[in-house]
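Read off the chains here:
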Amino acid sequence: MERLALKVLNCLFGVYPDFMELEKCRERSNLSESDFLRVVAYLQEKAFIELEEPTRGVATGIYGRARITSAGIDTVDLKSKKVKVSVIRQ
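In this text the structure is predicted, and so the values were computed from the model without any measurement.

**A look at the confidence of the model for the protein**
For the protein, per-residue confidence averages 82 on the pLDDT scale, and 79% of positions sit at 70 or higher. When mean pLDDT is compared element by element in the protein, strand E1 (residues 20-21) scores highest at 91, while helix H4 (residues 70-89) scores lowest at 72.

**A look at the pattern of salt bridges**
Counted under the stated rule, the structure contains 4 salt bridges. Close ionic contact of arginine 65 with glutamate 52 constitutes a salt bridge, the shortest N to O distance being 2.7 Å. In this pair, arginine 65 sits in strand E3 (residues 62-68) while glutamate 52 sits in strand E2 (residues 49-56), placing the two residues 13 residues apart along the sequence. With a relative accessible area of 28%, arginine 65 lands in the partly exposed category. For glutamate 52, a relative accessible area of 24% translates into the label partly exposed.

**Looking at the nonpolar core**
Core analysis: the biggest nonpolar cluster contains 21 residues, and Val8, Leu9, Leu12, Cys25, Phe36 and Leu43 have the highest contact counts within it. Looking at this core, the elements that each hand over two or more residues are helix H1 (2-13), helix H2 (22-29), helix H3 (33-45), E3 and H4. For this core, the element with the most residues is H1, which contributes 6 residues. Filtering out sequence-adjacent residues up to four positions away, cysteine 25 remains in contact with Val8, Cys11, Leu12, Met20 and Phe36.

**Side note on the state of the cysteines**
Per the counting criterion, the structure on display carries 0 disulfides. Free cysteine cysteine 25: the closest other cysteine sulfur is in cysteine 11, separated by 3.1 Å.

**With respect to the packing of H1 against H3**
Two elements in contact, H1 and H3, have axes whose closest approach is 10 Å; the angle formed by their N-to-C orientations is 80°. In terms of orientation, H1 and H3 fall into the roughly perpendicular class. Along the contact surface, H1 presents Leu4, Ala5, Val8 and Leu9, while H3 presents Phe36, Val39, Tyr42 and Leu43. Of the residues in the contact of H1 with H3, the class split is 8 nonpolar, no polar and no charged.

**Observations regarding the packing of H1 against H2**
In the contact formed by H1 and H2, the axes pass within 9 Å of each other and the chain directions differ by 120°. Looking at the two axes, H1 sits oblique to H2. When you trace H1 past H2, the crossing you get is right-handed. Taken together, the residues of H2 that come into contact with H1 (itself represented by Lys7, Val8, Cys11 and Leu12) are Cys25, Arg28 and Ser29.

**Some remarks on the side chain of serine 29**
Note on placement: serine 29 falls in helix H2. Not counting chain neighbours up to four residues away, the residues in contact with serine 29 comprise Lys7, Val8 and Phe36.

Definitions and limits used
- Residues numbered from 1 in each chain as written.
- Predicted model: local features only at pLDDT ≥ 70, side-chain atom pairs only at ≥ 80, totals over all residues.
- Heavy atoms only, no water.
- pLDDT = per-residue confidence, 0-100.
- Helix = DSSP H or I, 4+ residues; strand = E, 2+ residues; numbered from the N terminus.
- Salt bridge = Lys/Arg side-chain N within 4 Å of Asp/Glu carboxyl O.
- Buried < 20%, exposed > 50% of the residue type's maximum accessible area, 1.4 Å probe, protein only.
- Core = buried A, V, L, I, M, F, W, Y, C linked by side-chain atoms within 4.5 Å.
- Contact = heavy atoms within 4.5 Å.
- Disulfide = S-S within 2.5 Å.
- Axes fitted to C-alpha atoms, helices over the stretch in contact; angles between N-to-C directions.
- Parallel < 35°, antiparallel > 145°, perpendicular 65-115°, else oblique.
- Nonpolar A, V, L, I, M, F, W, Y, C, P; charged D, E, K, R; others polar.
- Left-handed = near helix turned anticlockwise from the far one by under 90°.

Structure follows, in structure tokens:
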């Protein structure tokens with residue numbers, strides 16, 4: 001779950017402080033609709049993202065917009081530091 005959550009957070013981090021369409025973020029992160037919905041629910045519960053107008057449409061896709069929060073940015077920053085340290089040590 002952590003790897004999938006980081007994909008979504010990185011996607012939203014790229015457009016901060018603006019909101020991003022959920023379907024566009026799902027496509028960029030290459031997640032299935034069910035995985036994406038599960039990750040979005042998890043990130044919202046952890047207060048890593050803020051949702052605006054979340055709904056499921058009758059047509060294919062996920063509608064609404066999301067924005068990364070300061071807690072989400074801190075998580076992305078912490079995880080990227082772990083990756084940098086791992087690469088340097090090898």
